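# Architecture at a glance
Residue strings, one per chain:
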There are 2 protein chains.
Amino acid sequence: MIDASALLAVAVGEARLGRAEGGIPIGAALFDSAGTLLGSGHNRRVQDDDPSTHAETAAFRAAGRRPTYRDTIMVTTLSPCWYCSGLVRQFRIPHVIVGEARTFSGGHDWLAEHGVEITIVDDEECVRMMSEFVEAHPDLWNEDIGD
Amino acid sequence: MIDASALLAVAVGEARLGRAEGGIPIGAALFDSAGTLLGSGHNRRVQDDDPSTHAETAAFRAAGRRPTYRDTIMVTTLSPCWYCSGLVRQFRIPHVIVGEARTFSGGHDWLAEHGVEITIVDDEECVRMMSEFVEAHPDLWNEDIGD
């Protein structure tokens, strides 16, 4: 049995790193179905001036090439945007654990419609990190989601 | 008036580079609405051992941070997969020019349903590059689309 909160803690650690670097505090981690970490990362828009590195794409890149992702779990501190939801759907990642979907709701309902298991933890620290960041840097947040 | 074939030629050039490097021959380029090139790139799964760099994400990264992408055109040699279609939707890229959708059909109909203008050029060189590659390296191609 997977402990969603324990896996989420790794993604939260990545989000804290991103915040400490002055970046957008979203973290993610890819695990195998046994709960072994394959790769983790965080949003690097500010740090690398890179609009393409969302937390989920960073974790996916860090996990590296695999013949299949059908045995993996994507864990992210925030509901995945369309870009990251598309990643999950294309690579048939069957389970997404979401820290929170209150400050932003992306494509997790769409993924559920396409058979992806969605676990929303509704973690207070995730909500606090994002809501504080959005309030302090609305421009950066809007840029990150193309708004 | 945008000349879709002229813009596609830049993406085709990227796909040829990818092929010459022994990689998956898919190229993409992001232009502004006046047809000025903002950034281009190609799939780098083989070259960098990076599953996250599809042609469209490479072009998006190369174009860099912008306050908005609502004035841009994504040009790709192949119908965008869900991952890259999600990128287009999230960042409100309003127009996608597709070299071909015969060897693979991704999310371009979904994008059209969400208001994105889709232009399919049905370019013979794009079809030939992809079909030759898929025949020669079915394993790499299936890995690239999570099949």
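Residues numbered from 1 in each chain as written. Chains lettered and ligands numbered in written order. Predicted model: local features only at pLDDT ≥ 70, side-chain atom pairs only at ≥ 80, totals over all residues. Heavy atoms only, no water.

As annotated in an unreviewed UniProt entry, chain A is Cytosine deaminase from Herbihabitans rhizosphaerae. Under the heading Cofactor (unreviewed entry), UniProt records this for chain A: "Zn(2+)". Among the UniProt annotations of chain A, the heading Subcellular location (unreviewed entry) holds the following wording: "Cytoplasm". (UniProt positions renumbered as here; feature names shortened; annotations may be inferred.)

## Concerning the sheet that holds strand 4 (residues 95–100) of chain B
Residue and element names in this part refer to chain B. A sheet is described by the order of its strands in space; here five strands give the open sequence 2-1-3-4-5, paired in mixed fashion. The strands lining the two open edges of the sheet, one partner per strand, are strand 2 (37–42) and strand 5 (117–120). Averaged over all neighbouring strand pairs, the angle between strand axes comes to 15°, with direction disregarded. Bridge count between strand 3 (residues 72–78) and strand 4: five bridges; the pairing is parallel. When the bridges of strand 4 are listed, Thr76 appears paired with Val98. (Pairing = 2+ DSSP bridges. Helix = DSSP H or I, 4+ residues; strand = E, 2+ residues; numbered from the N terminus. Axes fitted to C-alpha atoms, helices over the stretch in contact; angles between N-to-C directions.)

## Brief notes about the interface of chain A and chain B
Chain A puts 32 residues into the contact, and the matching count from chain B is 32 residues. At the boundary of chain A with chain B, total buried surface from both sides reaches about 2900 Å², with 53% on carbon and sulfur atoms. At the boundary of chain A and chain B, one finds 18 residue pairs in polar contact (both at pLDDT 80 or more). Per-class residue counts for the side of chain A that touches chain B are 13 nonpolar, seven polar and 12 charged. (Contact = heavy atoms within 4.5 Å. Buried area = accessible area lost by both parts, 1.4 Å probe. Polar contact = N/O pair within 3.5 Å; in protein donor to acceptor, adjacent residues only side chain to side chain. Nonpolar A, V, L, I, M, F, W, Y, C, P; charged D, E, K, R; others polar.)

## Section: the sheet that holds strand 1 (residues 27–32) of chain A
Residue and element names in this part refer to chain A. Within the open sheet, the five strands sit side by side as 2-1-3-4-5. Their pairing is mixed. This sheet does not close on itself; its edge strands, each paired only once, are strand 2 (37–42) and strand 5 (117–120). Between one strand and the next, the sheet's axes are offset by a mean angle of 15°, whatever the strand orientation. Pairing of strand 4 (residues 95–100) with strand 5 involves four bridges; the strand directions are parallel. Within the sheet, the bridge partner assigned to His95 lies in strand 5 and is Glu117. Strands in contact with helix 3 (residues 55–63) are strand 1, strand 2 and strand 3 (72–78); relative to strand 2, the strand with the most contacts, it is inclined by about 140°. Along the sheet face, helix 6 (residues 124–136) touches strand 3 and strand 4 and points at about 65° away from the line of strand 4.

## Observations concerning the confidence of the model for chain A
Keep in mind that low pLDDT regions are not for reading the predicted coordinates in detail. On average, residues of chain A score 97 in pLDDT, and 100% of them reach the 70 mark or higher. Prediction confidence for the complex, expressed as pTM and ipTM, is 0.97 and 0.97 respectively. (pLDDT = per-residue confidence, 0-100.)

## Some remarks on the environment of Ser105(A)
Position of Ser105(A) relative to the elements: it lies in the loop between strand 4 and helix 5 (108–113). Each C-alpha atom, one on Ser105(A) and one on Ser79(A), is 5.4 Å from the other, the two residues being 26 residues apart in sequence.

## Section: the UniProt feature "domain: CMP/dCMP-type deaminase" (unreviewed entry) in chain A
Per the UniProt record, the feature "domain: CMP/dCMP-type deaminase" (unreviewed entry) sits at residues 2–118 of chain A. Along residues 2–118 of chain A, the helical share is 38% and the strand share 23%, with 13 Å between the first and last C-alpha atoms.

## A closer look at the relation of the copies chain A and chain B
Aligned on chain B, chain A shows an RMSD of 0.0 Å; the corresponding rotation is 180° and the shift along the axis is 0.0 Å. Considering both components of the superposition, the chain copies are consistent with a two-fold axis. Residue Gly86(A) of chain A places its C-alpha closer to the rotation axis than any other residue of that unit, at 2.4 Å. By residue overlap, the copies meet face to face through one surface: 100% of the interface positions of chain A are interface positions in chain B. (Least-squares fit on C-alpha atoms with pLDDT ≥ 70 in both.)

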